[in-house]
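Working through the structure, step by step
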Amino acid sequence: LTWRPEDPSFAGVKYTVKDLFEIKNAQRVLLEGNILENMWGGTAVVITPKSQNGMCPICAAADITFRYNIVRHAGDALTVANAPSASGAVAQPAQRVSIHDSLFEDIDADKWHDGGRVFLLGECPQCQMVQDVSIHHNTATEGPRNFLFINDPGKRPMSHFVFTDNIVPHGKYGVVGCDRTPDAILANCFTAPVFSKNLIVGDDGKRPYPSGQLFAPDWRHVKLVGSGAGLETYRLAEDSKYKKAGTDGADLGANLDQLAAATAGVAQW
């Protein structure tokens, strides 16, 4: 934060800050066991194939697994998108991306200056379609304006989208995209999406989400352990009705034991 002009610790030298981790051309990537923090005015993790200056039409972002990571203190958390380069050139699609068992903490538009989105999926009208994206067993804490944002100006449904077993805050908007209500957004933005057994916190269950979701009016009703150090704060208490409520019989949200093991010993500033 000594790089951030508005922070009290600012060291007086202004840097250009852009993303914490970005993929423009990579395949068969495993990203795990990282703590990615402090991203202002942008997105922490970006998976976006790019044909820079039109020189790489075969560039791709495919077969990528993002697991057992902590992303925190950012304006936007994670984007998977197909977008043109500055020259208008397009690359191959982002596809076969799995995001699971990760914690997204303090994703706050006002504090970190961006959209306040946990997950963003997008494509441009002339791009090939994003496809085969799975987001499951993740935990996001309070702060975001919406937990899922779909940018699809071409209005071509993305295929093979899975969003299951997550704990997410509804925020102000919940799901935002190609229509006005959550179920219409999902129906119009995707082809036969699997959207099930997500715990949406801060929602009364009256909004038209697809059937099979779980709702809690606030975090108190979720019954997190809420004490102890680090990740234990987000563990479901033994008497929480959301324990073992996942599609696979496991607790909703990230597997905190595996997340703790993967990030043990990672340096924290």
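Above this text you will find the structure in question.
Let me sum up the structure you'll find in this document. Bear in mind that the values here come from a model prediction, so they are computed numbers and not experimental data. (Residues numbered from 1 in each chain as written. Predicted model: local features only at pLDDT ≥ 70, side-chain atom pairs only at ≥ 80, totals over all residues. Heavy atoms only, no water.)

Moving on, we get to the pattern of salt bridges. Enumeration over the complete set of coordinates arrives at 17 salt bridges. Residue Asp-19 pairs with Lys-18 through a salt bridge whose shortest N-O separation is 3.3 Å. Note on Asp-19: relative accessible area 18%, which makes it buried. For Lys-18, a relative accessible area of 53% gives the class exposed. Here Arg-67 ties to Glu-32 by a salt bridge, and the two come within 2.6 Å at their closest N and O atoms. Placement of the pair is Arg-67 in strand β4 (residues 61-67) and Glu-32 in strand β2 (residues 26-32), with a sequence separation of 35 residues. With a relative accessible area of 35%, Glu-32 lands in the partly exposed category. One salt-bridge network, in which partners are shared between bridges, spans Lys-18, Asp-19 and Glu-22. (Salt bridge = Lys/Arg side-chain N within 4 Å of Asp/Glu carboxyl O. Buried < 20%, exposed > 50% of the residue type's maximum accessible area, 1.4 Å probe, protein only. Helix = DSSP H or I, 4+ residues; strand = E, 2+ residues; numbered from the N terminus.)

Take helix α2 (residues 182-189) next. Residues spaced three or four apart along an α-helix face the same direction, because each turn holds 3.6 residues. Along α2, the positions that sit buried rather than exposed are Pro-182, Ile-185, Leu-186 and Cys-189. The arc that holds every buried residue of α2, seen down its axis, measures 95 degrees, which confines them to one face. (Arc of directions from axis to C-beta.)

Okay, the pairing of strand β9 (residues 131-136) next. In the sheet, strand β6 (residues 94-100) pairs with β9 via five bridges, with the strands oriented parallel. What sits directly across from Val-97, in β9, is Val-133. In the sheet, β9 pairs with strand β12 (residues 158-164) via five bridges, with the strands oriented parallel. Along β12, the bridge assignment pairs Val-133 with Phe-161. (Pairing = 2+ DSSP bridges.)

So, to be careful, I would describe these as geometric facts and stop short of saying anything about function.
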